[in-house]
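Listed here are the chains, written in short residue letters.
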Amino acid sequence: MSQHRVTSGRALIAVEETGPAGAPPVLMLHAGVADRRSWGPLVEHLGVQTRCIRYDGRGYGDTVYEAEDGWSPVADAVAVMDAVNVSSAIVVGNSMGGGTAIDLALAYPDRVSALVLISPAISGAPESGLETTAAELDGDIDAADEREDVDAVNQLETHFWLDGPGHAGRVTGSPRELFLDMNARALSATDPGEPAELPDAWSQLERIAVPVLFLAGSLDLRHFRTDASLAAASLDHGQYVELPDTAHVPQLESHELTLRSIANFIAAR
């Protein structure tokens, strides 16, 4: 394993690599409630036959930065790929990271050989209201945020994203401890600045010509499952797998079907 920093604009991006340089590269983009450590179980599952490259986005983990309006998550991803001498990779993204993975594939199609998207946040996707339980929990999060009770926000968001709304305390032990630590760091991070505006991805999905595996947990918000299913059906090389008994960050809790599905997809490329 090697760790280093990559310069992109006013950011020094914390990057971690595992696996031999000659192995097939897989770039991993984390969710907005996590950091690069959330990929640990997947990296371990893929083993030494895969070169895994993961990094912390601005506002997360160990990446340091100055506020910079117009910065781009896509440009940061390209900077990381260039720095580690990867011309093209299978890109795995979760939630926010899934949205960036799609934007990367649309902006630089030659840099992406395949996509794995776990509950991706696809810009321009149809808006959908929250289910009752999720809406109530979301209201509790907003109230805690207004009180500036960061600890309460962290606990509630752990219920919302890790456990799944209505399933408080479902995930225990080290995955929960790690989620709380990752999200606490994100909640206390300084503003990285206003990111550059990109065209909506939803209306451009048909431009993606590479194989795409969409995954979404059965305990996640309904619109993530719906969007992933619809997006997969719209692509010639898209497939959708619904993951039972897990929520928004299934890889963090070493969800067996999640790890197996991703490993099989990567091995087939």
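See the structure shown above.
Residues numbered from 1 in each chain as written. Predicted model: local features only at pLDDT ≥ 70, side-chain atom pairs only at ≥ 80, totals over all residues. Heavy atoms only, no water.

J.: I keep staring at the side chain of Asp76 and nothing clicks. Help me out?
T.: Topologically, Asp76 is positioned in helix 2 (residues 73-83). Assessed through its relative accessible area of 4%, Asp76 is described here as buried. Beyond its immediate sequence surroundings of up to four residues, Asp76 is in contact with Ser8, Ile13, Tyr55, Arg58 and Trp71. (Helix = DSSP H or I, 4+ residues; strand = E, 2+ residues; numbered from the N terminus. Buried < 20%, exposed > 50% of the residue type's maximum accessible area, 1.4 Å probe, protein only. Contact = heavy atoms within 4.5 Å.)

J.: How should I be thinking about the pairing of strand 1 (residues 2-8) in this particular structure?
T.: The side chains of a regular strand alternate between both faces of the sheet. Pairing analysis gives 7 bridges linking strand 1 to strand 2 (residues 11-18), with the strands arranged antiparallel. Along strand 2, the bridge assignment pairs Thr7 with Leu12. Here strand 1 hands over to strand 2 after 2 residues, with Gly9 in that stretch at a positive phi of 60°. (Pairing = 2+ DSSP bridges.)

J.: What is the right way to look at the packing of helix 5 (residues 150-163) against helix 6 (residues 173-187) in this model?
T.: Packed helices, taken two at a time, are described by the angle their axes make and the gap between the axes. Look at helix 5 against helix 6: their axes get within 9 Å of each other, and the N-to-C directions meet at 125°. Between helix 5 and helix 6, the crossing angle belongs to the class labelled oblique. Relative to helix 6, helix 5 is oriented so that their crossing is right-handed. Counting all contacts with helix 5, which are made through Val150, Val153, Asn154, Gln155, Glu157, Thr158, His159, Trp161, Leu162 and Asp163, the residues of helix 6 involved are Pro175, Arg176, Phe179, Leu180, Asn183, Ala184 and Leu187. A class-by-class count of the residues in the contact of helix 5 with helix 6 yields 9 nonpolar, 5 polar and 3 charged. (Axes fitted to C-alpha atoms, helices over the stretch in contact; angles between N-to-C directions. Parallel < 35°, antiparallel > 145°, perpendicular 65-115°, else oblique. Left-handed = near helix turned anticlockwise from the far one by under 90°. Nonpolar A, V, L, I, M, F, W, Y, C, P; charged D, E, K, R; others polar.)

J.: I would appreciate a short explanation of the pairing of strand 6 (residues 89-94) in the present structure.
T.: Counted residue by residue, strand 6 has 6 buried out of 6 residues, so it is predominantly covered. Side chains Ala89, Val91 and Gly93 of strand 6 all project onto a buried face; the interleaved residues Ile90, Val92 and Asn94 project onto the opposite face, where all are buried too. Looking at chain direction, strand 3 (residues 25-29) and strand 6 are connected through 4 bridges and run parallel. Across the sheet, the residue bridging to Met28 is Val92, located in strand 6. With 6 bridges connecting them, strand 6 and strand 7 (residues 112-118) associate as parallel partners. By the bridge assignment for strand 7, Ile90 is matched with Ala114. Each parallel crossover has a hand, and for strand 6 linked through helix 3 (residues 96-107) to strand 7 it is right-handed. (Right-handed = clockwise from strand over helix to strand, strands pointing away.)

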